[in-house]
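Below are the chains, spelled out letter by letter.
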Amino acid sequence: MNQQLQTKTAAPVQGHSFEPQNIEEAMKLAGTLSDSGLVPSALRGKPADVLVVLMKGRELGLSPMASLGNIHVIEGKATLSSDLIQGLVLESGKCEYFRLVESSNTVAKYATKRKDSPHETVMDFSIEDAKNAGLLNKDNWRKYPKAMLRARAAADLLREVY
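Scoring rules and cut-offs
Residues numbered from 1 in each chain as written. Predicted model: local features only at pLDDT ≥ 70, side-chain atom pairs only at ≥ 80, totals over all residues. Heavy atoms only, no water. Axes fitted to C-alpha atoms, helices over the stretch in contact; angles between N-to-C directions. Helix = DSSP H or I, 4+ residues; strand = E, 2+ residues; numbered from the N terminus. Parallel < 35°, antiparallel > 145°, perpendicular 65-115°, else oblique. Left-handed = near helix turned anticlockwise from the far one by under 90°. Contact = heavy atoms within 4.5 Å. Nonpolar A, V, L, I, M, F, W, Y, C, P; charged D, E, K, R; others polar. Pairing = 2+ DSSP bridges.

Caption draft 1: Structural context of the packing of helix 2 (residues 23–34) against helix 3 (residues 47–59). Taken N-terminus to C-terminus, the directions of helix 2 and helix 3 make an angle of 120 degrees; their axes are 8 Å apart at the nearest point. Taken as axis vectors, helix 2 and helix 3 run oblique relative to one another. Between helix 2 and helix 3 the crossing geometry is right-handed. Contacts from Ile-23, Ala-26, Met-27, Leu-29, Ala-30, Gly-31, Leu-33 and Ser-34 in helix 2 reach Pro-47, Val-50, Leu-51 and Leu-54 in helix 3. Among the residues making up the contact of helix 2 with helix 3, the classes are represented as 10 nonpolar, 2 polar and no charged.

What follows is the structure, encoded as structure tokens:
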């Protein structure tokens with residue numbers, strides 16, 4: 001009896017997805033989500049922006065919640081997070097390897113190799129690059145320079161190669 005109960009509760013529920021089936025459902029979902037305090041602050045009270053994020057995520061095969069957590073609005077543009085880009089590249093099967101070479105408060109460096117390429121590509125992003133781009137005055141760059149350097153170096157490399 002216990003075995004049957006475990007099997008039944010472990011089975012996926014069919015037909016109860018939060019995935020909108022048409023534009024009206026997507027707009028309603030976007031409106032509800034934009035009212036939530038649990039969505040990123042850049043999207044709160046902005047159902048049209050939430051809808052754009054959901055649509056961009058849908059094009060990539062992401063669920064609505066994965067889209068909200070991994071697509072960021074930066075200066076009015078829906079931008080994929082570094083982690084999402086890395087996940088999509090690794091999932092694509094085109095990457096032989098992607099590795100962190102160096103990480104400090106002043107520079108981050110990654111190396112990668114496409115399966116269809118004979119050569120490795122290496123790219124870094126330095127605190128000087130961040131300064132030149134006007135990033136150092138932003139809160140995340142002041143609090144987490146090492147993590148921000150890694151994210152920028154990784155995303156730049158992945159966009160360039162894949």
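Caption draft 2: Representation of the pairing of strand 5 (residues 121–126). As judged from the 6 bridges shared by strand 4 (residues 107–114) and strand 5, these two strands associate in the antiparallel manner. When the sheet's bridge partners are listed, Ala-111 is paired in strand 5 with Val-122. Between strand 4 and strand 5, which pair antiparallel one after the other, the connecting turn spans 6 residues.

Caption draft 3: Layout of the packing of helix 5 (residues 82–92) against helix 8 (residues 145–161). Put simply, helix 5 and helix 8 touch, their axes get as near as 9 Å, and they point 40 degrees apart. On the basis of their axis angle, the class for helix 5 and helix 8 is oblique. Helix 8 is crossed by helix 5, and the crossing has left-handed handedness. Taking contact as the criterion, the partners of Ser-82, Ile-85, Gln-86 and Val-89 in helix 5 are, on helix 8, Ala-151, Ala-154, Ala-155, Leu-158 and Arg-159. Counted by class, the contact of helix 5 with helix 8 contains 6 nonpolar, 2 polar and 1 charged residues.

Caption draft 4: Structural detail: the sheet that holds strand 5. In space, the 3 strands of this open sheet follow the order 3-4-5, with antiparallel pairing throughout. The open sheet has two edge strands with one neighbour each: strand 3 (95–103) and strand 5. The average undirected angle you get between the axes of adjacent strands in this sheet is 15 degrees.

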